[in-house]
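Each chain, letter by letter, is given below.
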Amino acid sequence: MQTVNGKLITKEQGQIDEIQQQTEGIIQRYQNLESQFTAINQQKDAKYLQEVNTVKVYLQKLDKKLNMLEKNISNQAKNFLYLKIGIAIGLVGLWFWFGINNQPAHQENKPKKYTESIQLHHHSN
C-alpha cells in the first residue's frame, strides 16, 4: 500500500474494504481488552472492599472485647482496693481488740508487794 504525506492511497476498492475490516477488528479487540481490564479491576475492587469490610468487622469485635476487658479490669481493681481497705480496717480492729482484751487485770490496781516476816528465835541454852 502506498502513502503520500501520511495518507493511504489505493487504487482498488478491495484494499479499502480490507483495511476497514482490519481497523474494525483492531477496534473490537481493543474494546474487548478494555472490557476485560475493567472487569478484572472491578473484581479486584470488589475483593478489596470485601477484605476491608471483613477487617472492619473484625476490628469492631476486637474493640468490643477490649472495652469489656477494660471494664472487667476496672471492676477487679475496685474490688481489690475495697478488699485491701477492709483488710486494713479489720487488722486495726483486731489489734485494738487484742490490745484491750489482753491487758492484765492487776494493772488497774497498784501492784501489791508481799513481804514475809522472818522471825528469828533466839534459843538460849
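These figures come from a predicted structure and were not determined experimentally.

1. Some thoughts on the overall build of the protein
Of regular secondary structure, the protein possesses 1 helix and 2 strands. Each helix and strand of the protein, ordered N terminal to C terminal, gives the series β-β-α. A total of 125 residues make up the protein; the buried ones form 1% of that total.

2. Considering the packing of aromatic side chains
Counted under the stated rule, the structure contains 2 aromatic pairs. Between Trp-97 and Phe-98, the ring centres sit 5.0 Å apart and the planes meet at 55 degrees, which makes this aromatic pair tilted. Accessibility expressed as a relative area gives 43% for Phe-98, which makes it partly exposed.

3. Remarks on the confidence of the model for the protein
Of all residues in the protein, 75% have pLDDT values of 70 or greater, and the mean over the chain is 84. When pLDDT is averaged over each helix and strand of the protein, the minimum, 67, is found for strand β1 (residues 2-4) and the maximum, 92, for helix α1 (residues 13-101).

4. Quick look at the environment of Thr-23
In this structure, Thr-23 sits in helix α1. There is a polar contact of 2.8 Å between the side chain of Thr-23 and the backbone oxygen of Ile-19.

How each quantity is defined
Residue numbers here run from 1 along each chain, matching the order of that chain's written sequence. Residue-level local features of this predicted model are given only where pLDDT is at least 70; pairs of side-chain atoms are given and counted only at 80 or more, and the full residue set underlies all totals for whole chains, interfaces and linings. The basis for the side-chain values is all heavy atoms of the structure; hydrogens and waters are excluded. A run of H or I in DSSP becomes a helix once it reaches four residues, and a run of E becomes a strand once it reaches two; helices and strands are each numbered from the N terminus. For every residue, the accessible area (1.4 Å probe, protein chains only) is compared with the maximum for its type, and the residue is labelled buried under 20%, exposed over 50%, or partly exposed between those bounds. Each Phe, Tyr or Trp ring (for Trp, its six-membered ring) is paired with any other whose centre lies within 6.5 Å, and the angle between the two planes then decides the class: stacked below 30 degrees, edge-to-face above 60, tilted in between. Per-residue confidence from the predictor is reported as pLDDT, which spans 0 to 100. For this analysis, a polar contact is any N or O atom pair within 3.5 Å, provided that within protein one partner can donate a hydrogen and the other can accept it, and provided that sequence-adjacent residues contribute only side-chain to side-chain pairs.

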